[in-house]
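Structural characterization, general
Each chain, written out:
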Amino acid sequence: MCELLGMSANVPTDICFSFKGLKERGGRTGPHRDGWGVAFYEGKGVCTFKDALPSYESEIARLVSDYPIKSCAVVAHIRQANRGRVSLQNTHPFTRELWGRYWTYAHNGQLFDYKNLPVDRFQPVGTTDSERAFCYLMSELDKRYPNKPRSRKAAFRFLQKKAKTLQQLGVFNMLLTDGEYLLTYCTTKLHWITRRAPFGIARLSDVDVDIDFSRETTPKDVVTVIATEPLTLNEQWHKMQPGESQLFRYGEPI
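Throughout this description, residue numbers start from 1 for each chain and increase along the sequence as written. Totals for whole chains, interfaces and linings use all residues, but because this is a predicted model, local features are given only for residues with pLDDT of at least 70 and pairs of side-chain atoms are given and counted only at 80 or more. In computing side-chain properties, one takes all heavy atoms of the structure into account and sets aside hydrogens as well as water.

Re helix H4 (residues 152–167)
With 16 residues, H4 extends 23 Å from end C-alpha to end C-alpha; this agrees with the ideal 22 Å at 1.5 Å per step. Exposure categories follow from relative accessible area, calculated using a 1.4 Å probe and restricted to protein chains: below 20% of the type maximum is buried, above 50% is exposed, and the middle band is partly exposed. Helix and strand definitions follow DSSP, with helices as H or I runs of at least four residues and strands as E runs of at least two, each counted in order from the N terminus. Within H4, burial applies to Arg152, Ala155, Phe156, Phe158, Leu159, Gln160, Lys162, Ala163 and Leu166. The opening residue of H4, the one whose side-chain oxygen lies 3.2 Å from the backbone nitrogen of Lys153, is Ser151. To estimate how far a helix should reach, multiply one less than its number of residues by 1.5 Å. Contacts described as polar in this section are N or O atom pairs within 3.5 Å, which, within protein, must combine one atom able to donate a hydrogen with one able to accept it, while residues neighboring in sequence count only if both atoms come from side chains.

Focus on the UniProt feature "domain: Glutamine amidotransferase type-2" (unreviewed entry) in the chain
UniProt positions are given in the numbering used here, feature names are shortened, and annotations may be inferred rather than shown by experiment. Mapped onto the present numbering, the UniProt feature "domain: Glutamine amidotransferase type-2" (unreviewed entry) falls at residues 2–251. Between the C-alpha atoms that bound residues 2–251 the distance is 24 Å, and the span itself is 20% helix and 33% strand.

So, the pairing of strand E1 (residues 3–14)
Any two strands between which DSSP finds at least two bridges are classified as paired. As paired strands, E1 and strand E4 (residues 70–78) are joined by eight bridges and run antiparallel to one another. By the bridge assignment for E4, Glu3 is matched with Ile78. In this sheet, strand E12 (residues 222–227) lies alongside E1 in antiparallel orientation, the contact comprising five bridges. Its bridge partner lying in E12, Met7 is registered against Val225.

A closer look at the sheet that holds strand E6 (residues 101–108)
Spatially, the six strands line up as an open sheet ordered E5-E6-E7-E8-E14-E15, and their pairing is antiparallel. Only two strands of the sheet have a single partner each, and these edge strands are strand E5 (94–98) and strand E15 (252–253). As defined by bridge partners, E5 adjoins E6 across five bridges and the pair is classed as antiparallel. Note that in E6 the partner of Arg96 across the bridge is Trp103. Note on contacts: a residue pair is in contact if any heavy atoms of the two residues lie within 4.5 Å. The convention used is that axes are lines fitted to C-alpha atoms, helices contributing only their stretch in contact, and that angles between N-to-C directions extend from 0 to 180 degrees. Taken strand by strand, helix H3 (residues 129–144) contacts E5, E6 and strand E7 (173–177), and its axis lies near 15° from that of E5. Each of E6, E7, strand E8 (181–185) and strand E14 (245–249) is contacted by H4, which is oriented at about 20° to E8, the strand it contacts most.

Digging into unusual backbone geometry
With an omega of -5°, the peptide bond between His92 and Pro93 qualifies as cis. As for its placement among the helices and strands, Pro93 is situated in the loop between E4 and E5. Pro198 follows Ala197 through a cis peptide bond whose omega is 0°. Summarising the element assignment, Pro198 is placed in the loop between strand E9 (191–196) and strand E10 (201–203). Of note, the phi angle at Trp99 is positive, near 60°, even though the residue is not glycine.

What to know about the packing of helix H1 (residues 16–25) against helix H2 (residues 59–66)
Here H1 crosses H2 at 150°, and the two axes come no closer than 7 Å. The angle between H1 and H2 places the two elements in the roughly antiparallel class. For the pair H1 and H2, contact is made by Cys16, Phe19, Lys20 and Lys23 and by Ala61, Arg62, Val64, Ser65 and Asp66, respectively. Throughout this description, any angle smaller than 35 degrees is read as roughly parallel, any larger than 145 degrees as roughly antiparallel, any in the 65 to 115 degree range as roughly perpendicular, and the remainder as oblique.

Notes on the packing of aromatic side chains
Working definition: a ring pair exists when centres of Phe, Tyr or Trp rings (six-membered ring for Trp) sit within 6.5 Å. Plane angles under 30 degrees give stacked, over 60 give edge-to-face, the rest tilted. Scanning the entire structure with this criterion turns up eleven aromatic pairs. Centroid distance Phe172 to Tyr185: 6.3 Å. Interplanar angle 50°. Geometry classified as tilted. With Phe172 in the loop between H4 and E7 and Tyr185 in strand E8, the pair connects residues that are 13 residues apart, well separated along the chain. The ring of Tyr145 carries Arg144 above its face, with NZ or CZ at 4.6 Å from the centroid. Look at NZ for Lys and CZ for Arg. If either is within 6 Å of the ring centre and within 35 degrees of the ring normal, a charge sits over the ring.

Here you go:
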């Protein structure tokens, strides 16, 4: 299985600390050696880094873990391939445009009978069940709201319902964002934590690194981090239940 990492924040925030922990799981403390990727939003723009190498061995991943790219929405993924060969085109996260916005998605799990999912104009580039499922979600969203919905919050509620359909095909843990909202869906493993004042010290579980968030934040900051498995040793993470979904907007759970 793969592992997911996401962030939703009310102010531009870097994900260096969390990504350092995730990077270790891509070949050192975990078996996820088949590529990695991360997408950062800046307004409506999105910057994506991908590599088919294990994140633990990737120079690009090392750069990302050390360079403080600040964003209000981030989606990252480390891959253990089960559908599709190891290649850049099969590396998450995937991005598509709809209604003049970039939508970014990553999936952990394995789906069956996924080739029958209708995708219309959103065609997969690679050969993974994950990308096919993403194209299906975007196609269903486009059909439901051909003229753009009045509320994108309603669009994400619709996506929550469609995620339940995909759950019937296998394991479907997901992150999906348009840069403002971030949707999570869990069928097996997904955890999240919201950090706000008073901030304290956090310690990574995969590498000997800690951080005092009180020195890096202001009292008004709200930052939610989502991960397949908790990344820190000394914090209380919320464990999602099978079939549970959660929507975040600028760090706050909705």
